[in-house]
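Okay, here's what each chain looks like letter by letter:
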Amino acid sequence: MPSYQSYLKRIKSEIQEITPQQVKELLDRPDGTRIIDIREENEYVQGSIPGASWIPRGFLESRIEDAVPRRDAPIVLYCAGGNRSALSARALHELGYTNVKSMSGGWGVWKRSGYPFHVPVVLSADQQVRYSRHTMLPEIGEAGQIKLLESKVLCLGAGGLGSPSALYMAAAGIGTIGMVDDDVVDSSNLQRQILHSTERVGMAKVDSAEKTLRGLNPDVTVNKHPVRMTSENVFEVLAGYDVVVDGADNFPSRYLLNDACLKMGIPVVHSSIFRFEGQITVFPAQGQPCYRCLYPEPPPPDEAPSCQEAGVLGVLPGIMGVLQATEAIKLLVGIGEPLSGRLLIYDALRTKFRELKLRRDPKCPTCGDGVDRSKIELIDYVQFCTR
Ligand SMILES: [Zn+2]
């Protein structure tokens, strides 16, 4: 019967080892090698090598095929001191992996050498339960959920579109949701604005939204912006947000948002609704196309639809707002194909979706050829449609 020490010595003679310095060189010049941290959670949360995947030793064999499907892919395993990773390298060899190395000296030597590391965010036990239906999707996983928790989304408007989009984004665990609205809850809102309720008539919409969203998910921080966006405050309001969900009900806000987000490089998930029809598209961070490619200038006030008088089917903003939340989550996690360059039109009466291709207009005043975005002047168009 061999002792542990002699067994370990034999295993190390049979596998390949790599020094922390060589791993550091891989970080500086990536060649596709996958670095996998196999330590336990209490070790991992203290710090890990940037870019490393985390698969605790106990799950290595069961999860490696999902993480690294190709058996000939180069893999480096590391643990605290280089012993568990040596044994694990041997286990992966037996699973058919042909290019596995163990980092000698492990995390201890890495840290003492002063090499870079980051302190990872991990889901708490409560969060693992709350977001389990997300994390079991390989496209999202724990890493995607953490991205959502670290994300900041601004909802322009806590009304028909902002209600369903903010509710689903809060449920999804988007960590910070900003709500811009200077209005109070009115009973005529309740036919569609499901963030609010009968007993909150008269309450500021941002306060009502905060109560509903925090009640749904206490992980969410709600930033309240009880203002109307103008060229004076738009940069201050938008600062720090990753994505804007545009539920504005008026032209001046849409143009202001478009121009400011182009300058700041923030993607906008835009939607608008009218009677039984909704439209949605995504204006990507780099613009191209942008809102002005679609509508270069606002319509003259006497031709703009009077929003006050135009009715809207109550569930229509529900559908469009949920589509907006879906696009925002895709942008934040980095999955799927965003709805940019495409305008999706939903006709509720005929239950039909149509899609139009949107192209960048080379003559667009804000994203066209030769336009210097730092020189775009923000415009406060006259408010001709307030609701
Ligand atoms: Zn444009």
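Structure report, in brief.

What counts as what
Residues numbered from 1 in each chain as written. Predicted model: local features only at pLDDT ≥ 70, side-chain atom pairs only at ≥ 80, totals over all residues. Heavy atoms only, no water. Donors = N, O, S within 2.8 Å, 3.2 Å for Na, K, Ca; no water. Tetrahedral: all angles 85-135°; square planar, octahedral: opposite > 155°, others 65-115°. Buried < 20%, exposed > 50% of the residue type's maximum accessible area, 1.4 Å probe, protein only. Pairing = 2+ DSSP bridges. Helix = DSSP H or I, 4+ residues; strand = E, 2+ residues; numbered from the N terminus. Contact = heavy atoms within 4.5 Å. Axes fitted to C-alpha atoms, helices over the stretch in contact; angles between N-to-C directions. Salt bridge = Lys/Arg side-chain N within 4 Å of Asp/Glu carboxyl O. Phe/Tyr/Trp six-rings, centres within 6.5 Å; stacked < 30°, edge-to-face > 60°. Lys NZ or Arg CZ within 6 Å of the ring centre and 35° of its normal.

### Some words on the coordination of the zinc ion
(1) Moving on: Those protein atoms acting as donors to the zinc ion are C290 (SG), C293 (SG), C364 (SG) and C367 (SG), and they sit at 2.3 Å.
(2) Moving on: Coordination at the zinc ion is tetrahedral, judged from the 4 donor atoms that bind it and the angles of 91 to 127° they form at the metal.
(3) Moving on: Within one chain, the residues donating to the zinc ion are spaced in sequence as C-x2-C-x70-C-x2-C.
(4) Moving on: Accessibility expressed as a relative area gives 14% for C293, which makes it buried.

### Digging into the sheet that holds strand β2 (residues 34-37)
(1) Moving on: If you walk across this open sheet you meet the 5 strands as β1-β5-β4-β2-β3, and the pairing is parallel. In the strand order of this sheet, the two ends are held by β1 (16-18) and β3 (53-54), each with one partner.
(2) Moving on: Packing against the sheet, helix α5 (residues 83-94) makes contact with β4 (75-78) and β5 (100-103), and its axis sits at approximately 175° to β5.

### Describing the sheet that holds strand β12 (residues 342-347)
(1) Moving on: Spatially, β8-β7-β6-β9-β10-β11-β12-β13 is the arrangement adopted by the 8 strands of the open sheet, whose pairing is mixed. Among the strands making up the open sheet, the edge pair consists of β8 (221-225) and β13 (352-357). In this sheet, adjacent strand axes meet at a mean angle of 15° when their direction is disregarded.
(2) Moving on: Taken together, the 5 bridges between strand β6 (residues 152-156) and strand β7 (residues 176-180) define a ladder with parallel strand orientation. Its bridge partner lying in β7, V153 is registered against I177.

### Notes on helix α10 (residues 162-171)
One turn of an α-helix holds 3.6 residues; hence residues three or four places apart share an orientation.
(1) Moving on: Of all the 10 residues making up α10, 8 are buried; the element is thus mostly covered by neighbouring parts of the structure.
(2) Moving on: Burial in α10 covers these residues: G162, S163, P164, S165, A166, L167, M169 and A170.
(3) Moving on: Looking at the buried positions of α10, the neighbouring elements they touch are β6, β7, α11 (205-216), β9 (243-246) and α15 (316-333).
(4) Moving on: At the C-terminal side of α10, G173 shows a positive phi close to 90°.

### Observations concerning the pattern of salt bridges
(1) Moving on: Applying the stated criterion to the full structure yields 19 salt bridges.
(2) Moving on: For the salt bridge of E43 with R84, the shortest nitrogen-to-oxygen distance reads 2.8 Å. With E43 in helix α3 (residues 41-44) and R84 in helix α5, this pair connects stretches of sequence that are 41 residues apart.
(3) Moving on: Three or more residues joined by partner-sharing salt bridges are found here, namely R10, E14, R90 and E94.

### A short note on the packing of aromatic side chains
(1) Moving on: On inspection of all chains with the given rule, the structure shows 9 aromatic pairs.
(2) Moving on: With a centroid separation of 4.3 Å and 5° between ring planes, the pair formed by Y44 and W54 is classed as stacked. Separated by 10 residues along the polypeptide, Y44 in helix α3 and W54 in strand β3 bring together distant segments of the chain.
(3) Moving on: Judged by relative accessible area, Y44 falls into the buried class, the value being 10%.
(4) Moving on: Pairwise contacts between aromatic rings join Y255, F283, Y291, Y295 and Y381 into one cluster.
(5) Moving on: The side chain of R63 reaches across the aromatic face of F59, ending 3.8 Å from its centre.
(6) Moving on: Residue placement shows R254 over the ring face of F251; its charged tip is 5.3 Å from the ring centre.

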